[in-house]
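# Tertiary structure, described
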Amino acid sequence: MNALDLSRLRPRLPSPLEPVEDERFARRGLTLLLKRDDLIHPDLPGNKWRKLALNLRAADGRPVLTFGGAYSNHLRATAAAGRLLGFPTIGIVRGDELGGRPLNPSLARCAADGMRLEFVDRTTYRAKNDPATLAKLLERAPAGAYVVPEGGSNELAVQGCEALGRELSGTADTVAVACGTGGTLAGLAAGLAPGQRALGVPVLKGGFLGGEVRALQEAAFGGPRGDWALDDRFHCGGYARTSPALEAFARDFEARHGLAIERLYVAKMLYGLVTLAEEGAFPAGSRVAAVVTGAPEPVDPVRP
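The text that follows walks through the structure, step by step, so that each part is easy to find. Residue positions are given per chain, counting from 1 as you read along its sequence in written order. Confidence filtering applies because this is a predicted model: local features only for residues at pLDDT of at least 70, side-chain atom pairs given and counted only at 80 or more, and all residues used for totals across whole chains, interfaces and linings. As a rule here, side-chain values come from all non-hydrogen atoms in the structure, and water together with hydrogens is ignored.

### Details of the overall build of the chain
What counts, and what does not: Helical segments are the DSSP runs of H or I of at least four residues, strand segments are the runs of E of at least two, and each set is numbered from the N terminus. Using C-alpha atoms as the atom set, the radius of gyration is obtained and then compared with a globule rule of 2.2 Å times the number of residues to the power 0.38. Exposed residues in this analysis have more than 50% of their type's maximum accessible area, buried residues have under 20%, and partly exposed residues fall in between, with area computed by a 1.4 Å probe over protein chains only. The contact definition used throughout considers only heavy atoms, calling two residues in contact when any of these lie within 4.5 Å. Residue-level accessible areas treat just the shown protein chains as cover; the underlying method is Shrake-Rupley with a 1.4 Å probe. Charge assignment in this entry is limited to Lys and Arg as positive and Asp and Glu as negative, and neither His nor the chain termini are counted. Where a charge sits is defined by one atom per residue type, namely NZ (Lys), CZ (Arg), CG (Asp) or CD (Glu).
Helix and strand counts for the chain come out as 11 helices and 10 strands. Here the chain has a C-alpha radius of gyration of 19 Å; the compact-globule value for 304 residues is 19 Å, and the two agree. On the principal axes, the C-alpha backbone points of the chain span a range of 60 × 40 × 35 Å. Expressed as a percentage of its 304 residues, the buried residues of the chain come to 56%. Sequence-distant contacts in the chain: of pairs separated by 6 or more residues, those separated by 24 or more amount to 74%. Surface summary for the chain: the accessible area is close to 12,500 Å², and the carbon and sulfur share equals 50%. Within the chain, one finds 37 positive and 34 negative side-chain charges whose respective centroids are separated by 1 Å.

The structure is reproduced here in structure tokens:
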């Protein structure tokens with residue numbers, strides 16, 4: 001079986017759009033909607049399906065080499081795709097010190113799905129896009145391996161995520177999504193209708209993501225697309241980090257709505273939306289859609 005057989009996985013598309021009764025929005029005249037991309041596929045949920053699908057078709061069954069940190073959702077999804085579709089996967093993992101330790105639950109899942117994990121030092125990892133460095137990394141992979149970048153974000157991923165915007169066209173005034181590498185936001189904004197706005201909530205600190213989104217849209221579409229913005233206040237210290245306030249918020253949201261919330265992306269985005277609603281950022285009568293990009297995973301995030 002090769003990567004062209006993606007339809008056999010029976011993705012649930014379009015994903016459901018569910019209204020949520022939440023008094024923190026209702027008392028301000030707002031409607032909250034959840035775009036349940038977490039229900040697309042149990043092993044490749046949410047934006048991971050959307051970002052990988054066109055890349056896997058391009059790989060056409062060849063081995064796939066990709067990159068990620070110790071808690072990478074992208075590595076897990078790529079490994080699962082390899083298991084389900086029958087192609088080899090190689091994960092270049094940031095941090096050579098991890099190679100001598102027991103695997104955390106996230107990396108253990110990758111290994112169980114057949115991914116070969118290669119741990120590299122952080123200097124090498126930062127230089128992974130340099131042609132000479134990438135060539136050396138490819139020596140670790142079978143001949144003809146197809147390279148997917150960190151987080152899966154390249155022009156094909158952005159084009160795949162454009163479908164998310166099209167599914168939401170005309171359904172909400174603002175559509176929010178958590179952002180790691182920016183590919184989902186770049187595609188989402190491109191697919192929305194005129195008058196709709198995409199809001200990205202970065203889960204990493206650094207303030208670099210705006211340039212990444214612009215570069216991805218340039219690569220995918222030849223120029224800027226859609227109306228989008230970023231709010232950098234809700235990363236809780238950076239990737240794979242949470243805070244007591246975020247944990248309390250997520251538990252409360254779960255109790256209110258009976259929905260398990262993934263902490264490293266989805267909880268930060270929802271926390272940001274509630275804060276913005278309380279700040280009066282959305283005009284009364286607005287419909288606000290939140291993209292649920294994934295379900296909780298067995299990870300052990302670093303906490304302050």
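Let us keep going from here.
### Focus: the nonpolar core
Test applied: Residues belong to one nonpolar core when they are buried, are Ala, Val, Leu, Ile, Met, Phe, Trp, Tyr or Cys, and are joined through side-chain atoms within 4.5 Å.
Residues M269, L270 and L273 are the most contacted members of the largest nonpolar core, which totals 44 residues. With eight residues, helix α11 (residues 266-278) is the largest single contributor of residues to this core. Those residues in contact with M269, other than ones at most four positions away along the chain, are A176, V177, A178, V201, A290 and V291. Judged by nonpolar contacts, the second largest core, of 23 residues, contains V175, L185, L192 and A289.

### Let's talk about the pattern of salt bridges
What counts, and what does not: Here, a salt bridge means any side-chain nitrogen of Lys or Arg that lies within 4 Å of a carboxyl oxygen of Asp or Glu.
Scanning the entire structure with this criterion turns up 23 salt bridges. Between R27 and E23 there is a salt bridge, with its nearest N and O atoms 2.2 Å apart. Two residues, E118 and R140, come together in a salt bridge whose shortest N-O distance is 3.3 Å. One end of the pair, E118, is in strand β5 (residues 116-120); the other, R140, is in the loop between α6 (131-138) and β6 (146-147), with 22 residues separating them in the sequence. Residue classification places R140 among the partly exposed positions, given a relative accessible area of 32%.

### Looking at the side chain of T184
Within the secondary structure layout, T184 lies in helix α8 (residues 183-191). Aside from chain neighbours lying at most four places away, what touches T184 is N47, K51, C161, L164 and V177.

### Focus on the sheet that holds β6
Backbone-to-backbone hydrogen bonds join strands into a sheet, with any given pair of strands oriented parallel or antiparallel. To be explicit about the condition: Being paired, for any two strands, means DSSP has found at least two bridges between them. Note on geometry: axes are lines fitted to C-alpha atoms, helical ones only across the stretch in contact, with angles between N-to-C directions running from 0 to 180 degrees.
Within the open sheet, the four strands sit side by side as β5-β4-β3-β6. Their pairing is parallel. Edge strands, defined here as strands with exactly one partner in the open sheet, are β5 and β6. Where strand β3 (residues 64-68) lies against strand β4 (residues 89-94), five bridges are found, and the strand directions are parallel. Within the sheet, the bridge partner assigned to G68 lies in β4 and is V93. Here α6 sits on the sheet in contact with β3, β4, β5 and β6, set at roughly 120 degrees to β3.

### Side note on the sheet that holds strand β10 (residues 287-291)
Taken in spatial order, the six strands of this open sheet run β1-β2-β10-β7-β8-β9, and their pairing is mixed. Sheet topology places β1 (17-20) and β9 (228-230) at the edges, where each strand pairs with a single neighbour. Between one strand axis and the next, the sheet turns through 25 degrees on average, direction left out of account. In the sheet, β1 pairs with strand β2 (residues 31-35) via four bridges, with the strands oriented antiparallel. Counterpart to P19 in the pairing with β2 is L33.

### What to know about the environment of A186
Within the secondary structure, A186 sits in helix α8. Between the C-alpha atoms of A186 and W228, which are 42 residues apart in sequence, the distance is 8.3 Å. Sequence-distant contacts of A186, defined by excluding residues within four places in its chain, comprise V158, V213, L216, Q217 and F221.

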